[in-house]
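Observations on the three-dimensional arrangement
Each chain, written out:
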Amino acid sequence: MIENIVIDTGAAETIFSPDVVEEIGIFAELDDYVHSFYGVGGSLYNFFSKQVDGVNLGSVNLSKVKLDFGVIDPQGHINGLLGLDILMKLNAVIDLRKLALSLDI
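1. Things to note about the overall build of the chain
- Along the chain, the regular secondary structure elements total 2 helices and 8 strands.
- Ordered by position from N to C terminus, the α and β elements of the chain give β-β-α-β-β-β-β-α-β-β.
- Rg of the C-alpha trace for the chain: 14 Å, near the compact-globule value of 13 Å for 105 residues, within the 12% margin.
- The principal-axis extents of the C-alpha atoms in the chain amount to approximately 40 × 35 × 20 Å.

This is the structure in structure tokens:
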């Protein structure tokens, strides 16, 4: 279980902190893809991508999902950003009035 995930509709892809997923056996390997991106304020960040066996969000399971892993919050308060790639696969509905996320699967 990964806590402190932010729903980020401005993020095209989901990304998790490599420090947090290391505990569940996910780490960079030689055959993973390494990329770079510019964050808020123009800082350059590196991250790696890999396919994982599955992701569970509540009672919903997605199999064989490509995820990104890189530093999101240098202070370590935010462990991941749930981006549009996963939100769209889950048919997520965000109710801003109720501040609620529901999955229409």
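2. Some points on the sheet that holds strand β5 (residues 60-70)
- Read across the open sheet, the 6 strands follow the order β1-β6-β2-β5-β4-β3; overall the sheet is mixed. Either end of the sheet is taken by a strand with one partner, and the two such strands are β1 (5-7) and β3 (33-38).
- Two elements, β3 and strand β4 (residues 44-57), share 6 bridges in a ladder whose sense is antiparallel. Among the inter-strand pairings, His35 is bridged to a residue of β4, identified as Phe47.

3. A closer look at the packing of aromatic side chains
- Within the structure shown, the criterion is met by 2 aromatic pairs.
- Each ring, one from Phe16 and one from Phe69, has its centre 6.4 Å from the other, and the planes form 35 degrees; the classification is tilted. Note that Phe16 is positioned in strand β2 (residues 15-16) and Phe69 in strand β5, a separation of 53 residues in sequence. Taken individually, Phe16 and Phe69 each receive the classification buried, so the pair is uniform in this respect.
- The interplanar angle of 25 degrees and the centroid separation of 5.2 Å between the aromatic rings of Phe48 and Phe69 together place this pair among those described as stacked. Taken together, the residues span a long stretch of sequence, with Phe48 in strand β4 and Phe69 in strand β5 at a distance of 21 residues.
- A residue is classified by how much of its surface remains accessible, and Phe48, at 9% relative accessible area, is buried.
- One aromatic cluster is present, built from ring pairs that chain together Phe16, Phe48 and Phe69.

4. Thoughts on the pattern of salt bridges
- Applying the stated rule across the entire model yields 4 salt bridges.
- Residue Lys50 pairs with Glu29 through a salt bridge whose shortest N-O separation is 2.7 Å. With Lys50 in strand β4 and Glu29 in the loop between α1 (18-21) and β3, the pair connects residues that are 21 residues apart, well separated along the chain.
- Its relative accessible area of 42% is what places Glu29 among the partly exposed residues.
- A salt bridge links Lys50 to Asp32, with the shortest nitrogen-to-oxygen separation between them at 3.2 Å. You can see Lys50 sitting in strand β4 and its partner Asp32 sitting in the loop between α1 and β3, a full 18 residues away along the chain.
- Taking the relative accessible area as the measure of exposure, Lys50 reaches 12% and is therefore buried.
- Overall, the relative accessible area of 14% leaves Asp32 in the buried class.

Parameters at a glance
Residues numbered from 1 in each chain as written. Predicted model: local features only at pLDDT ≥ 70, side-chain atom pairs only at ≥ 80, totals over all residues. Heavy atoms only, no water. Helix = DSSP H or I, 4+ residues; strand = E, 2+ residues; numbered from the N terminus. Rg over C-alpha atoms; globule rule 2.2 N^0.38 Å. Pairing = 2+ DSSP bridges. Phe/Tyr/Trp six-rings, centres within 6.5 Å; stacked < 30°, edge-to-face > 60°. Buried < 20%, exposed > 50% of the residue type's maximum accessible area, 1.4 Å probe, protein only. Salt bridge = Lys/Arg side-chain N within 4 Å of Asp/Glu carboxyl O.

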